[in-house]
Amino acid sequence: MAASEATVDRALTRRVPTQNAIARQLGITGVALGLFAFFSIFAVHFFAAGNILDVGRLVAFTTIVGVGMTFLFIAGEFDISVGSQYALATIFMGLLVAEHGVGPWTAAVLVVSAGTVIGLCNGLLTTFLGIPSFIVTLGMFSLLKGAALVLSGAFPITFPVELESSFFSVASGTVLGIPAQVIWMVVILVLGGFVLRYTRFGYHVYATGGNVQAALANGIPTTRIKIYCFMMTGAACGLIGALQAGWLKTVSPTTGSGFELQVIGAVIIGGVALFGGEGSVYGTFIGAVILGMLVNGIVLLGVDGNYTQIFIGLIIIIAAALDVLIRGEGRLASLLGVSADRVLTRRRARHVRVGSPHGVDKEVQQDH
Amino acid sequence: MSDLAVEVGGSSSPSPVLEVEEVSKTYGHVVALDSVSMSLTEGEVTALVGDNGAGKSTLVSILSGVNQPDSGVIRLAGAPVRLDSARRAQSLGIATVFQNLALVNRRDVAANLHLGREPKRYGVIVDRRRMLHEAAEVIARLEVGLPTVRAMVGDLSGGQRQAVAVARAVLHGGRVVLFDEPTAALGIREGRRVLDLIRALRAQGQAILLVSHNIVSVFELADRIVVLRHGRLVATVRTSETTQDEIVSLIVGVQAARAS
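Residues numbered from 1 in each chain as written. Chains lettered and ligands numbered in written order. Predicted model: local features only at pLDDT ≥ 70, side-chain atom pairs only at ≥ 80, totals over all residues.

Asks: Explain the overall build of chain A to me, and be specific about the residues and the numbers.
Replies: Of the regular secondary structure elements, chain A holds 16 helices and four strands. Looking at chain A as a whole, 43% of its 368 residues qualify as buried. Within chain A, counting contacts between residues at least 6 apart in sequence, those at least 24 apart form 76% of the total. (Helix = DSSP H or I, 4+ residues; strand = E, 2+ residues; numbered from the N terminus. Buried ≥ 20, exposed ≤ 12 C-beta atoms within 10 Å, placed from the backbone. Contact = placed C-beta atoms within 7 Å.)

Laid out in structure tokens, this is it:
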């Protein structure tokens, strides 16, 4: 009896072979590797150590904020104000250190806290006032950018030359040739991936974005979950603001213009579901790598730098279109009749239903 | 759930597990429930019937903790309780199988079975192994035709999804299980399986409330029938002592023969 129970359990917990999300992650990883190979071969200087490190720094900041944005997207919200948050964070850091003589470490902690508070505001406005996060953060996009300009008088702020702090090496040094920014990224990526995948909070983020009514009915505090996700994104913007200031030792209110495009683009290319409930920080990282390589590689190919914006725009739309198409939604999918997802789902459904241990639902086998 | 440890198996003298006493609820000017009293008994299926707008959903939402009554008392095993949140109702042992099932399609069966109550290990991480194990156990016990609890809920058939929602109610040890239109969205064969599941729960001694429009399945399953009309209780009858025609009349109010 006990033996048969054990076999039932093992059978019931076996893995489902093809999972859409995994297939997609492999897919975009392939795209990233292909792109890397392409630029390495055709773009002069792309494969140079210095250039790889530059791309690494670019990717690092996008990914750090991208991790927060991934949580937000999965919870069914998003934040278009990250570029302005980033700008304000650098200015705040500059003012604290250069004009108020606050130590860089203390300043960095204050900047990250301020970022968290900005995220809290975004979250409270979205959840309690019931304004869509697109509108709230569009307003914040302008408001925070304006605040950065006003606070700085629209001029860059430079740290005193004689100022020395261990924070500067933590923000911009290298370890075994790896830039500090990349190390920060890896830390945030691992931490974010762990929280999303293995903690109860992560489970609740997926549930909130996947089906908010179901989450509520099962006692998940969806409002609080969403607010935490906004706060994480704000904290991430604070962190990169502090790191950026610690690296260049000069801050400018124009920092981070177009940054929201990079971050949201990375999240979408990474395959996070447009309407919540699905995605991973790994996908966002690969999305950031793809965008970072494109921005850099296209210029190195000798293409006019002004074209990069066009490419980024196209790629975001293509990635989003693929997302919708794969889910079998939208008019194009119905025009094409059979979507990739429907094929996948059907293959999986067959697997799911055939071989049921209790022999029910056998009739489904005939349906394909 | 020691407060629920009422004696089980005394079929000769069934004790009410959940009692609703003169519960009222208004939405603006609309009186959704007007001083309704009823009770649920262990090992019994009580059907709650009534036309649209009769107050069935309001009563279910109050018992599941989603909404709070304006007045009235709810007793669980004799003691008055405040069901001020869904979580509170669940922790008191009142499980609800919602009409919309409250499932997350893009998560697997195991995650859905533990939605909002994921077991933890070391205080932080979700105990995935325990989750899979418990899920497999309840799925096997209920003889739900599912090959693996790692299957995405969105890939399941309507009946399988309904079974997952029922399994969740069972898993969390509900002594009281509320079913809101459990077969409305299902085909005949799938509906059968869900009715079998409800029978199995009754045999295990659970007190069950079945909200349904389907008079045939109500007569097939229910031990007692509670009829609501315009927010008022119009009848509580034993199924064996009434007919389908009588119940339909009570629902629509053509002849208030047995009305209190």
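Asks: Describe the nonpolar core, and please don't skip the residues or the numbers.
Replies: Judged by nonpolar contacts, the single largest core of 174 residues is most densely connected at Ile64(A), Met93(A), Ala135(B), Ile139(B), Val166(B), Ala167(B) and Leu210(B). Broken down by element, this core gets its largest block of residues, 15 residues, from helix α11 (residues 222-248) of chain A. For Met93(A), the contacting residues outside a window of four places in its chain are Ala107(A), Ala108(A), Val111(A), Gly241(A), Ala242(A), Ala245(A) and Val251(A). (Core = buried A, V, L, I, M, F, W, Y, C linked by C-beta atoms within 7 Å.)

Asks: Help me get a handle on the packing of helix α3 (residues 49-74) of chain A against helix α8 (residues 180-198) of chain A, residues and values and all.
Replies: Residue and element names in this part refer to chain A. Across the interface, α3 lies against α8 with an axial gap of 8 Å and an inter-helix angle of 20 degrees. With respect to α8, the element α3 is oriented roughly parallel. Relative to α8, α3 is oriented so that their crossing is left-handed. Packed against α3, whose contacting residues are Gly56, Arg57, Ala60, Phe61, Thr63, Ile64, Val67 and Phe71, the element α8 presents Gln181, Val182, Trp184, Met185, Ile188, Leu189, Gly192 and Leu196 at the interface. For the contact of α3 with α8, the residue count by class is 11 nonpolar, four polar and one charged. (Axes fitted to C-alpha atoms, helices over the stretch in contact; angles between N-to-C directions. Parallel < 35°, antiparallel > 145°, perpendicular 65-115°, else oblique. Left-handed = near helix turned anticlockwise from the far one by under 90°. Nonpolar A, V, L, I, M, F, W, Y, C, P; charged D, E, K, R; others polar.)

Asks: Which residues make up the environment of Ser240(B), and what are the values?
Replies: Tracing the backbone shows Ser240(B) in the loop between β12 (232-238) and α8 (244-252). For the pair Ser240(B) and Asp155(B), spaced 85 residues apart in sequence, the C-alpha separation works out to 40 Å.

Asks: Report on the sheet that holds strand β5 (residues 79-81) of chain B, specifying residues and quantitative values.
Replies: By definition, the strands of a sheet pair up through backbone hydrogen bonds, in either a parallel or an antiparallel sense. Residues and elements named next belong to chain B. Spatially, the four strands line up as an open sheet ordered β2-β1-β4-β5, and their pairing is antiparallel. Each end of this open sheet is capped by a strand with a single partner; those strands are β2 (30-41) and β5. Sheet twist, expressed as the mean angle between neighbouring strand axes with direction ignored, is 25 degrees. Strands in contact with helix α1 (residues 56-63) are β1 (16-27) and β2; relative to β2, the strand with the most contacts, it is inclined by about 60 degrees. (Pairing = 2+ DSSP bridges.)

Asks: Account for the sheet that holds strand β10 (residues 207-211) of chain B, naming residues and giving values.
Replies: Residues and elements named next belong to chain B. On the basis of which strands lie adjacent, the open sheet formed by six strands has the order β6-β9-β10-β3-β11-β12 and mixed pairing. Edge positions in the sheet fall to β6 (94-97) and β12, since each of these pairs with one other strand and no more. Averaged over all pairs of adjacent strands, the angle between strand axes in this sheet comes to 20 degrees, irrespective of strand direction. Taken strand by strand, helix α5 (residues 158-171) contacts β6 and β9 (176-180), and its axis lies near 175 degrees from that of β6. Helix α6 (residues 188-203) rests against β3 (45-49), β9 and β10 of the sheet, and its axis sits at about 155 degrees to β10.

Asks: Requested: an account of the environment of Lys145(A), with residues and values cited.
Replies: Residue and element names in this part refer to chain A. Tracing the backbone shows Lys145 in helix α6 (residues 133-152). According to the C-beta neighbour criterion, Lys145 is buried, with 21 such atoms within 10 Å. Taking the C-alpha atoms as reference, Lys145 lies 9.1 Å from Ser257; in sequence the two are 112 residues apart. What Lys145 contacts, discounting residues up to four positions off in sequence, is Ser84 and Ala87.

Asks: Outline unusual backbone geometry, listing residues and values.
Replies: Although it is not a glycine, Lys249(A) sits at a positive phi angle of roughly 55 degrees. Along the chain, Lys249(A) falls in the loop between α11 and β4 (250-251). The backbone of Ala77(B) shows a phi angle near 50 degrees, a positive value even though the residue is not glycine. Within the secondary structure layout, Ala77(B) lies in the loop between β4 (71-76) and β5. For Ala77(B), a count of 21 C-beta atoms within 10 Å gives the class buried.

Asks: Before we move on, could you go through the interface of chain A and chain B and cite the residues and values that matter?
Replies: Listed as interface residues are 33 residues of chain A and, on the opposing side, 38 residues of chain B. Counting only elements with at least two residues in the side of chain A that touches chain B, the list comes to α1 (2-12), α9 (200-210), α10 (212-217) and α16 (340-353) of chain A. With five residues, α9(A) is the largest single contributor of residues to the side of chain A that touches chain B.

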